[in-house]
Amino acid sequence: RTSDSTHLATMAGLLAAGMSAMTLSASQGSFAGTRFSAPAPAARVSAAPVFFRIVAKKKWEKQEMLPSGQPVRINMHVKTKDTVVVIAGFDKGKVTTVVEVFTKTGEVLCKDVNIKTKHVKPKGEGETGQIIQREYPIHHSNIMHWSETQKVRSRIGHKMEGDKKVRFLKKTGEVLSN
């Protein structure tokens, strides 16, 4: 029989090689039932400053937060009631209006765009299930402003009219209402 110090040396060598503790216990009689774990690698620490704090919204989603605790808002080129055209996706080419803007996620809800079917289970006794078709948000980069007068899409610009800052369509010069 070999001594305990050779068993320990063999144990350390096997753990370094990546063998599991169960194969180790079976091969070495004196270590039966003993569990050993390899040391965890050190975590990386970056020297870059952290501007946003990550807070869990759901188990799988993370929301960026400012140091003050407020959520990070995404600046978007659209506002509610703007006339836009969809430039990407299944509804490409459809002219619609913006119903709602979600600044936390950078998405917009447009009328009659990105319609999906949802099957709803009955909630109470005696109720029946339903199949509902509703609009879901799309990313703001997939829409552009639409000029109703010249039937052309355009980017947006800002200019001063008197003492007021207004938005206008760059291609046509048309001033937007809101």
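Our subject is the structure listed above.
As the structure is a prediction and not an experimental result, all values here were calculated from the model. (Residues numbered from 1 in each chain as written. Predicted model: local features only at pLDDT ≥ 70, side-chain atom pairs only at ≥ 80, totals over all residues. Heavy atoms only, no water.)

1. A word on the overall build of the chain
When its secondary structure is counted, the chain shows two helices and twelve strands. Going from N to C terminus, the chain has its helices and strands arranged as α-α-β-β-β-β-β-β-β-β-β-β-β-β. Across the 178 residues in the chain, those meeting the buried criterion constitute 23%. The contacts of the chain with a sequence gap of at least 6 include a subset with a gap of at least 24, amounting to 35%. Working note: accessible area of the chain is about 13300 Å², and carbon and sulfur atoms make up 55% of it. (Helix = DSSP H or I, 4+ residues; strand = E, 2+ residues; numbered from the N terminus. Buried < 20%, exposed > 50% of the residue type's maximum accessible area, 1.4 Å probe, protein only. Contact = heavy atoms within 4.5 Å. Areas by Shrake-Rupley, 256 points an atom, 1.4 Å probe, with all protein chains shown as cover.)

2. Overview of the sheet that holds strand β3 (residues 83-86)
Here six strands make up an open sheet; going across it, the order is β8-β5-β4-β3-β9-β10 and the pairing antiparallel. Only two strands of the sheet have a single neighbouring strand rather than two, namely β8 (138-139) and β10 (152-154). Alignment of strand β9 (residues 143-147) against β10, held across three bridges, turns out to be antiparallel. By the bridge assignment for β10, Ser-147 is matched with Val-152. (Pairing = 2+ DSSP bridges.)

3. Concerning the packing of aromatic side chains
For the structure on display, the rule yields zero aromatic pairs. For Lys-116, the ring lying beneath its charged end belongs to Tyr-136, and the centroid distance is 5.4 Å. In this structure, Arg-134 is placed above the aromatic ring of Tyr-136, and the distance from its NZ or CZ to the ring centre is 4.4 Å. (Phe/Tyr/Trp six-rings, centres within 6.5 Å; stacked < 30°, edge-to-face > 60°. Lys NZ or Arg CZ within 6 Å of the ring centre and 35° of its normal.)

4. Remarks on the side chain of His-145
For His-145, the position within the fold is in strand β9. Overall, His-145 belongs to the buried group, its relative accessible area being 1%. A polar contact of 3.0 Å, which involves the side chain of His-145, links it to the side chain of Asp-82. In this view, His-145 contacts His-77, Val-78, Asp-82, Thr-83, Val-84, Val-152, Arg-153, Ser-154, Ile-156, Arg-167, Leu-169 and Leu-176; residues no more than four positions away in its chain are not counted. (Polar contact = N/O pair within 3.5 Å; in protein donor to acceptor, adjacent residues only side chain to side chain.)

5. Digging into the nonpolar core
Among the nonpolar cores identified, the biggest contains ten residues, and these are Met-76, Val-78, Val-84, Val-86, Val-98, Val-108, Cys-110, Val-113, Ile-138 and Ile-143. Here Val-98 is in contact with Lys-79, Thr-80, Lys-81, Asp-82, Val-84, Val-108, Leu-109, Cys-110 and Ile-143, once residues within four sequence places are set aside. (Core = buried A, V, L, I, M, F, W, Y, C linked by side-chain atoms within 4.5 Å.)

6. A few points about a positive patch on the surface
On the surface, a cluster of positive charge is contributed by Lys-92, Arg-153, Arg-155, Lys-170 and Lys-171. If you trace the backbone, Lys-92 turns up in the loop between β3 and β4 (95-102). Lys-92 sits in the exposed class, given a relative accessible area of 61%. (Patch = residues over 30% accessible without salt bridge, like charges linked within 9 Å, V, L, I, M, F, W, Y side chains within 5 Å. Salt bridge = Lys/Arg side-chain N within 4 Å of Asp/Glu carboxyl O. Lys, Arg positive; Asp, Glu negative; His and termini not counted. Charge placed at Lys NZ, Arg CZ, Asp CG, Glu CD.)

7. A word on the environment of Thr-97
Tracing the sequence through the fold places Thr-97 in strand β4. It is 7.8 Å that separates the C-alpha atoms of Thr-97 and Thr-80, two residues lying 17 residues apart in sequence. Not counting chain neighbours up to four residues away, the residues in contact with Thr-97 comprise Asp-82, Thr-83, Leu-109, Cys-110 and Lys-111.

8. Topic: the environment of Lys-111
Here Lys-111 is to be found in the loop between β5 (107-110) and β6 (115-120). Taking the relative accessible area as the measure of exposure, Lys-111 reaches 46% and is therefore partly exposed. Sequence-wise, Lys-111 and Thr-96 are 15 residues apart; in three dimensions their C-alpha atoms are separated by 5.9 Å. Once you skip the residues sitting within four places of it in the chain, Lys-111 turns out to touch Thr-96, Thr-97, Val-99 and Glu-135.

9. Details of unusual backbone geometry
One non-glycine residue, Lys-81, lies in positive phi territory at about 70°. Looking at the secondary structure, you find Lys-81 in the loop between β2 (62-65) and β3. Of the residues examined, Lys-81 reaches a relative accessible area of 70% and is grouped as exposed. Its identity is not glycine, yet Asn-114 carries a phi of approximately 55°, on the positive side. Along the polypeptide, Asn-114 turns up in the loop between β5 and β6.

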